[in-house]
Amino acid sequence: MTAHAAFAATFAALYAAHTFGDHWWGQTHHQALHKGLPGREGRRHCAAHVLQLAAVKAGFLAALLAVTGLRLAPLAVAASLLLDGISHYWADRRTTLARLAKATGKGDFYRLGAPRPGHNDAPHLGTGAYALDQSWHVAWLFVAALIMAA
């Protein structure tokens, strides 16, 4: 398989695993509600989510390798999953991504669709914070796939 095909297949597997894992299998409801809390509790829930998500991604990659016969360097896979996990943890602590959005002039977009303080009057996924979170994760999946395919 060419490097081009390896990149495409690897990125597709990582993207599918991320979408499935971030929403269905890679975190509990409790982790989703608590991973952004300050202190030890938030860090613990976020780390558990990232480890579960990494396991989902490893499973999808294993299926890709088994079905296609693609060969990836184990060190590149491990380094990519570690880098992706670190970037995912960083964004999912929430305050970090919010600060980046503010610093880059995206603070208003980050808050788009968020409930008013003290109210639960915007129960949907269509927030700026969610869009920035997911686009951050996908960008790092791209980097991970480049490293694995190199």
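These notes cover the structure that comes with them. (Residues numbered from 1 in each chain as written. Predicted model: local features only at pLDDT ≥ 70, side-chain atom pairs only at ≥ 80, totals over all residues. Heavy atoms only, no water.)

This part takes up the environment of alanine 150. Checked against the element boundaries, alanine 150 lands in the segment after helix 7 (128–149). In this structure the C-alpha to C-alpha distance between alanine 150 and leucine 72, which are 78 residues apart in sequence, comes to 8.9 Å. (Helix = DSSP H or I, 4+ residues; strand = E, 2+ residues; numbered from the N terminus.)

Together, Phe20, Trp24 and Trp25 make up an exposed nonpolar region whose accessible area comes to about 450 Å². By the secondary structure assignment, tryptophan 25 is in helix 1 (residues 3–25). (Patch = residues over 30% accessible without salt bridge, like charges linked within 9 Å, V, L, I, M, F, W, Y side chains within 5 Å. Areas by Shrake-Rupley, 256 points an atom, 1.4 Å probe, with all protein chains shown as cover. Salt bridge = Lys/Arg side-chain N within 4 Å of Asp/Glu carboxyl O.)

Three or more residues of helix 5 (residues 95–103) are buried, namely Thr96, Leu97 and Ala101. For helix 5, the angular spread of buried residues about the axis comes to 135°, placing them on one side. Those residues of helix 5 that are exposed and angled more than 90 degrees off the buried face are Arg99, Lys102 and Ala103. Phi turns positive, to about 80°, at glycine 105, one or two residues after helix 5. (Buried < 20%, exposed > 50% of the residue type's maximum accessible area, 1.4 Å probe, protein only. Arc of directions from axis to C-beta.)

What the rule picks out here adds up to three salt bridges. Here aspartate 84 ties to lysine 57 by a salt bridge, and the two come within 2.4 Å at their closest N and O atoms. With aspartate 84 in helix 4 (residues 74–92) and lysine 57 in helix 3 (residues 39–68), this pair connects stretches of sequence that are 27 residues apart. For the residue pair aspartate 84 and lysine 57, the accessibility class agrees, reading buried in each case. Notably, a salt bridge pairs aspartate 108 with arginine 111, separated by 2.5 Å at the nearest N-O pair. In this pair, aspartate 108 and arginine 111 both sit in helix 6 (residues 107–111), three residues apart, roughly one turn of the helix. Relative accessible area serves as the criterion here: at 61%, aspartate 108 is assigned to the exposed category.

A few words on the packing of helix 3 against helix 4. Packed helices, taken two at a time, are described by the angle their axes make and the gap between the axes. Interhelical geometry of helix 3 versus helix 4 gives an angle of 145° and a closest axis separation of 9 Å. The way helix 3 lies across helix 4 gives a crossing that is right-handed. Only Val77, Leu81, Asp84, Gly85, His88, Tyr89 and Asp92 of helix 4 make contact with helix 3, whose side of the interface consists of Arg43, Cys46, Ala47, His49, Val50, Leu53, Lys57, Ala58 and Leu61. Looking at the contact of helix 3 with helix 4 residue by residue, the class counts come to nine nonpolar, three polar and four charged. (Axes fitted to C-alpha atoms, helices over the stretch in contact; angles between N-to-C directions. Left-handed = near helix turned anticlockwise from the far one by under 90°. Contact = heavy atoms within 4.5 Å. Nonpolar A, V, L, I, M, F, W, Y, C, P; charged D, E, K, R; others polar.)

In terms of nonpolar packing, the biggest core is built from 15 residues, with Leu14, Leu61, Leu64, Val77, Leu81 and Met148 touching the most fellow members. Elements that contribute at least two residues to this core include exactly helix 1, helix 3, helix 4 and helix 7. Looking at this core element by element, the count peaks at five residues for helix 7. Not counting the four nearest positions on each side in its chain, leucine 81 is found in contact with Leu14, Lys57, Ala58, Leu61 and Met148. Ala91, Leu97, Ala101 and Leu132 belong to the second largest nonpolar core, which has five residues in total. (Core = buried A, V, L, I, M, F, W, Y, C linked by side-chain atoms within 4.5 Å.)

On to the side chain of aspartate 22. Assignment of secondary structure puts aspartate 22 in helix 1. Among buried charged residues, aspartate 22 stands out as having no salt bridge; its nearest opposite-charge side chain is lysine 35, 4.7 Å away. Apart from residues no more than four positions distant in its own chain, aspartate 22 is found in contact with Ala17, Gln27, His49, Leu53, His88, Asp92, Asp133, Gln134 and His137. (Lys, Arg positive; Asp, Glu negative; His and termini not counted.)

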